[in-house]
Amino acid sequence: SCQKPSFTMTRSLRLLARRCSSIVRLGTDDPRMSKVVIHRGVVYTSGQTAADAGDCVEKQTKSCLAKIDALLAEAGTSKSNALNATIWLKDIEADFKRMNGVWNEWVEADNKPTRATVQAAMARPSILVEIQVTAALPE
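Just so we're clear, the structure is a prediction, and the values are computed from it rather than from any experiment.

Draft legend 1. Quick look at the overall build of the protein chain. Along its length, the protein chain carries three helices and six strands. When the helices and strands of the protein chain are listed from N to C terminus, the series reads α-β-β-β-α-β-α-β-β. Across the 139 residues that make up the protein chain, the buried fraction comes to 39%. Intrachain contacts of the protein chain at a sequence separation of at least 6 include 66% that bridge at least 24 residues. Element-wise, carbon and sulfur atoms account for 50% of the exposed surface of the protein chain, whose accessible area totals about 7700 Å².

Structural data, given as structure tokens:
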């Protein structure tokens, strides 16, 4: 049967999550969503924001990516296995280049995911960027 672990996934749990037809959910304390959902070897993270990092898009982007690194690690994978990323910017004209600078430092040159970046109205005025990543579990 499929389990709902509340800790970093071990190799055996990764294998279980890859083979399991049911869904593994991590970080379910929020009443609206899970922080991570794993299904058939694919790890989906929720969108990460970092308004608490200040009013600078570089700091918010670094904080979002650090949160994503932690979520991927909890699920038993890493950015090396990233498949896709979606980035929402509050002001794409003002912040795209600076966000991209932080992204380029974070992403691995040999393991770049597909990516889309768009401008969007944010849930709170202090949020400048939101990032969501989908990754594979390692073999």
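Draft legend 2. Structural view of the packing of helix H2 (residues 57-75) against helix H3 (residues 92-106). Between H2 and H3, the least distance of the axes is 9 Å, while the angle of their chain directions is 35°. Considering only the axes of H2 and H3, their crossing is right-handed. On the side of H2, the interface is formed by Val57, Glu58, Thr61, Lys62, Leu65, Ile68 and Asp69, while H3 contributes Asp95, Arg98, Met99, Val102, Trp103 and Trp106.

Draft legend 3. Highlighting H3. Those residues of H3 not exposed but buried are Asp95, Met99, Asn100, Val102, Trp103 and Trp106. The secondary structure elements touched by the buried residues of H3 are H2, strand E4 (82-89), strand E5 (114-119) and strand E6 (129-136). Between the side-chain oxygen of the N-cap and the backbone nitrogen of Glu93 there are 3.3 Å, and the N-cap of H3 in question is Asp91.

Draft legend 4. Layout of the pattern of salt bridges. Taken as a whole and assessed by the stated rule, the structure comprises three salt bridges. Two residues, Arg32 and Asp30, come together in a salt bridge whose shortest N-O distance is 2.8 Å. For Asp30, a relative accessible area of 23% gives the class partly exposed. Between Arg98 and Glu58 there is a salt bridge; the shortest N-O distance is 3.8 Å. Taken together, the positions of Arg98 in helix H3 and Glu58 in helix H2 put the pair 40 residues apart, joining distant regions of the chain. For Arg98, a relative accessible area of 37% gives the class partly exposed. By relative accessible area, which is 23% here, Glu58 ends up partly exposed.

The rules behind each value
For every chain, the first residue of the written sequence is number 1, and numbering continues from 1 along that sequence. For a predicted model such as this one, the threshold for reporting local features is a pLDDT of at least 70, and the threshold for listing and counting side-chain atom pairs is 80 or more; totals across whole chains, interfaces and linings nevertheless cover every residue. Remark: hydrogens and water are excluded; side-chain values derive from all non-hydrogen atoms of the structure. The helix count covers DSSP runs of H or I at least four residues long, the strand count covers runs of E at least two residues long, and both are numbered beginning at the N terminus. Think of it in three bands: residues with accessible area under 20% of the maximum for their type are buried, residues over 50% are exposed, and the middle band is partly exposed, with areas taken using a 1.4 Å probe on protein chains only. Should any heavy atoms of two residues lie within 4.5 Å, those residues are considered in contact. Using a 1.4 Å probe, accessible areas were evaluated by the Shrake-Rupley method; residue-level cover was limited to the displayed protein chains. All axes are obtained by fitting lines to C-alpha atoms, using only the stretch in contact for helices, and the reported angles, taken between N-to-C directions, cover 0 to 180 degrees. By definition, any crossing whose near helix is turned counterclockwise from its far helix by less than a right angle is left-handed, and any crossing with a clockwise turn is right-handed. Any pair of N or O atoms that falls within 3.5 Å is considered a polar contact. Within protein, one atom must be able to donate a hydrogen and the other to accept it, and sequence-neighbouring residues count only if both atoms are side-chain atoms. Within this document, salt bridges are pairs made up of a side-chain nitrogen of Lys or Arg and a carboxyl oxygen of Asp or Glu, the two lying within 4 Å of each other.

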